[in-house]
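Architecture and fold: a report
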Amino acid sequence: MKSFLTSKFIKYIQSIVIDEKLSEIAIITSANISKLVDNISGNFDSLNVYNKINDFCGSAEIYFIFPDVNFTFEEIGLVKNALTQKLIIFSFEKNIEEDLLKLGLIKEFTDQDLCCHSYNLKTYNIKRDWNNPKGWANPENFDKYRW
């Protein structure tokens, strides 16, 4: 397993925690993240670290899944749909990108071998101007006829 806990990686996580003003953070990893925790401490209220995705995972404002975790796409769906509104996945595997895109995640960056994908429910499905009665065919007939 390649080392991913570089200073650049830690600064990236730190910037997310500070910019988003997060209070509850969950991290899924089996790596020693004490250096990361030292850098982000004081910027959140609670931090939960899990070594895999399972039934014991609780809800949090954001979930970080680090590249040392083996996961199924069903588990990613569980985290995304039931446990959090914000999700960031780091991976060394290039062949999972299409499946993550199918789950609604967007690609943030690729840095050497490390890929980052994210999901944010609040920005995922933005309200569109045309999605209202005025934007549909024959809106003048909406109250006149039973369709």
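This text follows the structure it describes.
Before going into details, it helps to say that this report is about the structure given with it. The model shown is predicted, which means the values in this text are computed figures rather than measured ones. (Residues numbered from 1 in each chain as written. Predicted model: local features only at pLDDT ≥ 70, side-chain atom pairs only at ≥ 80, totals over all residues. Heavy atoms only, no water.)

Here the focus is the overall build of the chain. The helix and strand tally for the chain stands at five helices and six strands. Order of helices (α) and strands (β) in the chain, N terminus to C terminus: α-β-α-β-β-α-β-α-β-β-α. A total of 147 residues make up the chain; the buried ones form 36% of that total. For the chain, long-range pairs separated by at least 24 residues make up 55% of all intrachain contacts whose partners lie at least 6 apart in sequence. Here the chain displays about 9500 Å² of accessible surface, and carbon together with sulfur accounts for 48% of that area. (Helix = DSSP H or I, 4+ residues; strand = E, 2+ residues; numbered from the N terminus. Buried < 20%, exposed > 50% of the residue type's maximum accessible area, 1.4 Å probe, protein only. Contact = heavy atoms within 4.5 Å. Areas by Shrake-Rupley, 256 points an atom, 1.4 Å probe, with all protein chains shown as cover.)

The next thing to look at is helix α1 (residues 7-20). Spanning 14 residues, α1 covers 20 Å between terminal C-alpha atoms, matching the ideal 20 Å at 1.5 Å per step. Turning to α1, its buried residues number three or more, namely F9, I10, I13, I16 and V17. Along the axis of α1, the buried residues cluster in a sector spanning 125 degrees; they form a single face. Along α1, the residues that are exposed and aim more than 90 degrees away from the buried face are K8, K11 and D19. Where α1 is buried, its residues contact β1 (24-28), α2 (34-40), β3 (62-65), β4 (86-91) and β6 (114-120). Residue K21 follows α1 closely and has a positive phi angle near 50 degrees. (Expected span 1.5 Å × (residues − 1). Arc of directions from axis to C-beta.)

A word on the side chain of K80. Within the element layout of this structure, K80 appears in helix α3 (residues 73-83). Despite its burial, K80 remains without a salt bridge, the nearest opposite charge being carried by E74 at 13 Å. A polar atom in the side chain of K80 sits 3.2 Å from the backbone oxygen of L103. Look past the residues within four positions of K80 in its chain and what remains in contact with it is L87, L103, L105 and Y119. (Lys, Arg positive; Asp, Glu negative; His and termini not counted. Salt bridge = Lys/Arg side-chain N within 4 Å of Asp/Glu carboxyl O. Polar contact = N/O pair within 3.5 Å; in protein donor to acceptor, adjacent residues only side chain to side chain.)

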